[in-house]
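Examining the three-dimensional arrangement
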Amino acid sequence: MDVNEILIMADEALLAERKLWLDGLAHERRLADLTVEAYERDTRQFLFFLSGHAGGPARLSDIEALRPADLRAFLASRRRDGVGARTMGRSLAGLRSFLRYLEKKGIANAAGARAVRSPKQPKSLPKPLSAEQAILVSSETGQLADEPWISARNAAVLTLLYGSGLRISEALSLTRNDIPAAAASLRITGKGGKTRIVPMLDAAKEAIDAYLKSCPFVVAADVPLFRGARGGPLQPAIIQREMQKMRSALNLPETATPHALRHSFATHLLSAGGDLRSIQELLGHASLSTTQVYTGVDAARLLDIFDRAHPRAG
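Here is what the cut-offs are and how they apply
Residues numbered from 1 in each chain as written. Predicted model: local features only at pLDDT ≥ 70, side-chain atom pairs only at ≥ 80, totals over all residues. Heavy atoms only, no water. UniProt positions renumbered as here; feature names shortened; annotations may be inferred. Phe/Tyr/Trp six-rings, centres within 6.5 Å; stacked < 30°, edge-to-face > 60°. Helix = DSSP H or I, 4+ residues; strand = E, 2+ residues; numbered from the N terminus. Buried < 20%, exposed > 50% of the residue type's maximum accessible area, 1.4 Å probe, protein only. Contact = heavy atoms within 4.5 Å. Core = buried A, V, L, I, M, F, W, Y, C linked by side-chain atoms within 4.5 Å. Pairing = 2+ DSSP bridges. Salt bridge = Lys/Arg side-chain N within 4 Å of Asp/Glu carboxyl O. Polar contact = N/O pair within 3.5 Å; in protein donor to acceptor, adjacent residues only side chain to side chain.

By the naming in an unreviewed UniProt entry, the chain is Tyrosine recombinase XerC, taken from Rhizobium setariae. Quoted verbatim from the Sequence similarities (unreviewed entry) field of the UniProt record, the comment on the chain reads "Belongs to the 'phage' integrase family. XerC subfamily." You can read under Subunit (unreviewed entry) in the UniProt record for the chain the words "Forms a cyclic heterotetrameric complex composed of two molecules of XerC and two molecules of XerD."

Shown next, in the form of structure tokens:
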């Protein structure tokens, strides 16, 4: 972009302040090059938008007079151009940063930007692991802990996540009383106090037995089953860190998290012919639409399920 094009969007005083701000992001705050480039692009687009409002190059006085409605109009124009919520959220973050910089210098007021809500971000779900990956990380042979009993513990927790579709908080709140010796299922109390029944696989029972036999601490019947290295209740962050180690050692994707095992449980059941409503019950979702998103089911797949299941279909 040449000088004449730049001057169309803003006058020299405003552009000079913008350059100082961008230089500060790069050299003082040491933001990543790609982030600085994105903020440069976002503010450039905003200044072009503002120059259209002002009927000429944007000036510092135009920035000082900004209202929340002006920023919302900019975001609406970006949405009409097909820009997604994440990009718009980043654009707003860049503008807020620039306005805060000007506010500190007494040039502008950033209150208008603070009053504008960031666009609602789409829910991001972890990608499911393959069946082979899920089995490996939930087996004792896949564990990397130095202490054998900790490897057994981690394997038991991860087997419950994948084998029963549990949230990590649900697995770590289980007591010995919650797992009767001959039980083929577990009664789980999930979000909102909602109770559901989930399968208890033989592999999970065996993993829990192996953990209890090797655990150096006495685990009472009415306290959390899984213990930390010092004997206290096991914290979710410990399992998350163990999964992080396995991602590196076993060449797993960054999306391989404890929650991805619950996601894999649902996705693999659906792929094997499980029906969406049953999977909804097993996951403890209040809405079928949540399960649809969670398992990556699109409209075409739903119609295929309907065609195979409904007596009058086809």
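Per the stated rule, a full pass over the model turns up 7 aromatic pairs. When the centroid spacing of 5.1 Å and the interplanar angle of 85° are considered together, the rings of F46 and F74 count as edge-to-face. Residue F46 is located in helix 3 (residues 33-54), and its partner F74 is located in helix 5 (residues 68-80); the two are separated by 28 residues in the primary sequence. In terms of burial, F46 and F74 fall into one category: buried. Centre to centre, the rings of W149 and F217 are 5.7 Å apart; their planes meet at 80°, and the pair counts as edge-to-face. In this pair, W149 is assigned in helix 9 (residues 148-164) and F217 in the loop between helix 11 (202-214) and helix 12 (236-249), connecting sequence segments 68 residues apart. The exposure class of F217 is partly exposed, given its relative accessible area of 29%. Members of the aromatic cluster, each reached through a chain of ring pairs, are W21, Y39 and F98.

This paragraph deals with the environment of Y101. Within the element layout of this structure, Y101 appears in helix 6 (residues 85-104). Taking the C-alpha atoms as reference points, Y101 and E17, separated by 84 residues in sequence, lie 9.0 Å from one another. Residue contacts for Y101: discarding those within four places in its chain leaves E17, L20 and W21.

In terms of nonpolar packing, the biggest core is built from 46 residues, with L160, L166, L186, I208, Y211, F226 and L261 touching the most fellow members. By residue number, the principal contributor to this core is helix 9, which donates 9 residues. Here L166 is in contact with L160, L161, A171, L174, I188, R196, V198 and R262, once residues within four sequence places are set aside. In this structure, L14, I63, L99 and I107 belong to the second largest nonpolar core, which totals 30 residues.

What follows concerns the pairing of strand 1 (residues 185-189). Residues L186 and I188 line the buried face of strand 1, whereas the alternating positions S185, R187 and T189 sit on a face that is not buried. The pairing of strand 1 with strand 2 (residues 195-199) spans 5 bridges and is classified as antiparallel. The residue of strand 2 that forms the bridge with S185 is P199.

Applying the stated criterion across every chain, the model contains 12 salt bridges. Of the charged contacts in the structure, one is a salt bridge between R247 and E254, with a shortest N-O distance of 3.9 Å. With relative accessibility at 13%, the residue R247 sits in the buried group. A relative accessible area of 64% means that E254 is categorised as exposed. Residues joined in a network through salt bridges with shared partners are R18, E40 and R44.

The next subject is the side chain of R167. Within the element layout of this structure, R167 appears in the loop between helix 9 and helix 10 (168-172). In this structure the side chain of R167 is engaged in a polar contact, spanning 2.6 Å, whose partner is the side chain of E170. R167 has contacts with L161, G190, K191, R196, R262, L283, G284 and H285, leaving out every residue within four places of it along the chain.

For N154, the position within the fold is in helix 9. The class for N154 is buried, based on a relative accessible area of 1%. Excluding its chain neighbours within four sequence positions, the residues that come into contact with N154 are Q143, A145, I239 and E242.

Okay, unusual backbone geometry next. Positive phi, close to 60°, is recorded for N251, a residue that is not glycine. Note that N251 resides in the loop between helix 12 and helix 13 (258-271). Assessed through its relative accessible area of 68%, N251 is described here as exposed.

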